[in-house]
Amino acid sequence: MKLELPELPYASDALEPHISAETFSYHHGKHHNTYVNKGNELLADAGVDADNLEDLVKACKKKGGPLFNNVAQHYNHDFFWKSMAPNAGGKPSGDVAKKIDQDFGSFDEFKKAFVDGGATQFGSGWVWLVSDGGKLKVVKTANADTPLTDGATPLAVCDVWEHAYYLDYQNRRPDFLNAFVDNLLNWDFVNENLSKA
Ligand code: MN
């Protein structure tokens, strides 16, 4: 299968002031696009194929190296765009609201775990809300790594590579993470993923 750069699920200025159209022009238009192009170049000679992107990421994990890095970064970015929506974030509703209270104690405890997880990921990486063995957890991954290859079901992700926030927040990664949870986190997407976990 070939990788394709997805359209953003909203206009590139729809998440302002939290994420600017300028950030999307680089992050989606250049960074993500480069992972797609590079991933396709490497896939052409890799002898790896799958019916869907999740299985492709898992197959590439076994090969490692630039092939895994580029294909996984495509998956991670696609999942990140879908993890956000305009006028979203804040306290969830639906099944995930109950699960958060059960597994974290409260929404505030979840938020603290998520923001701290992203803020303490040293260097480049990602902070995820996952369902693992029926329990919600916050996990952080470095570089292109994804909990998908560790048997967990990703529910939402925030990109904490500097390219995700530097134009809008400079070095203030925790401010970006707070804005993500308070204003952007797409709980409808989380509930949809939870129903399949
Ligand atoms: Mn990124």
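Because the structure is a prediction, the values reported are computed rather than measured.

A. View of the domain arrangement of the chain. According to the domain assignment, the chain consists of domain 1 (21-82) and domain 2 (95-196). The centre of domain 1, based on its C-alpha atoms, is set 20 Å off from the matching centre of domain 2. Summed over both sides, the interface between domain 1 and domain 2 buries roughly 1800 Å², with carbon and sulfur atoms accounting for 68% of that surface. On the domain 1 side of the interface with domain 2, the three residues burying the most area are Thr23, Phe79 and Phe80, jointly 33% of the side's total. Linking domain 1 to domain 2 there are one salt bridge. Note that Asp145 and Lys61 form a salt bridge whose closest N and O atoms lie 3.7 Å from each other. Run the count over domain 1 and domain 2 and you get eight residue pairs in polar contact (both at pLDDT 80 or more). A class-by-class count of the residues in the side of domain 1 that touches domain 2 yields eight nonpolar, seven polar and five charged.

The rules behind the values
Each chain carries its own residue numbering, running from 1 in the direction its sequence is written. A pLDDT threshold of at least 70 governs which residues receive local features in this predicted model, and a stricter bar of 80 or more applies before side-chain atom pairs are shown or counted, although totals over entire chains, interfaces and linings include all residues. Note: side-chain values were computed over all heavy atoms of the structure, leaving out hydrogens and water. Segmentation of the chain into domains, including their bounds, is taken from an automatic or database domain assignment. Put simply, buried area is the surface a 1.4 Å probe can reach on two separate parts but cannot reach once they are joined, added for both. Any carboxyl oxygen of Asp or Glu within 4 Å of a side-chain nitrogen of Lys or Arg constitutes a salt bridge here. Think of a polar contact as two N or O atoms within 3.5 Å of one another; within protein, one of them needs to be a possible hydrogen donor and the other a possible acceptor, and neighboring residues in sequence only count if both atoms come from side chains. The nonpolar class holds Ala, Val, Leu, Ile, Met, Phe, Trp, Tyr, Cys and Pro. Asp, Glu, Lys and Arg form the charged class, and all remaining residues, Gly among them, are polar.

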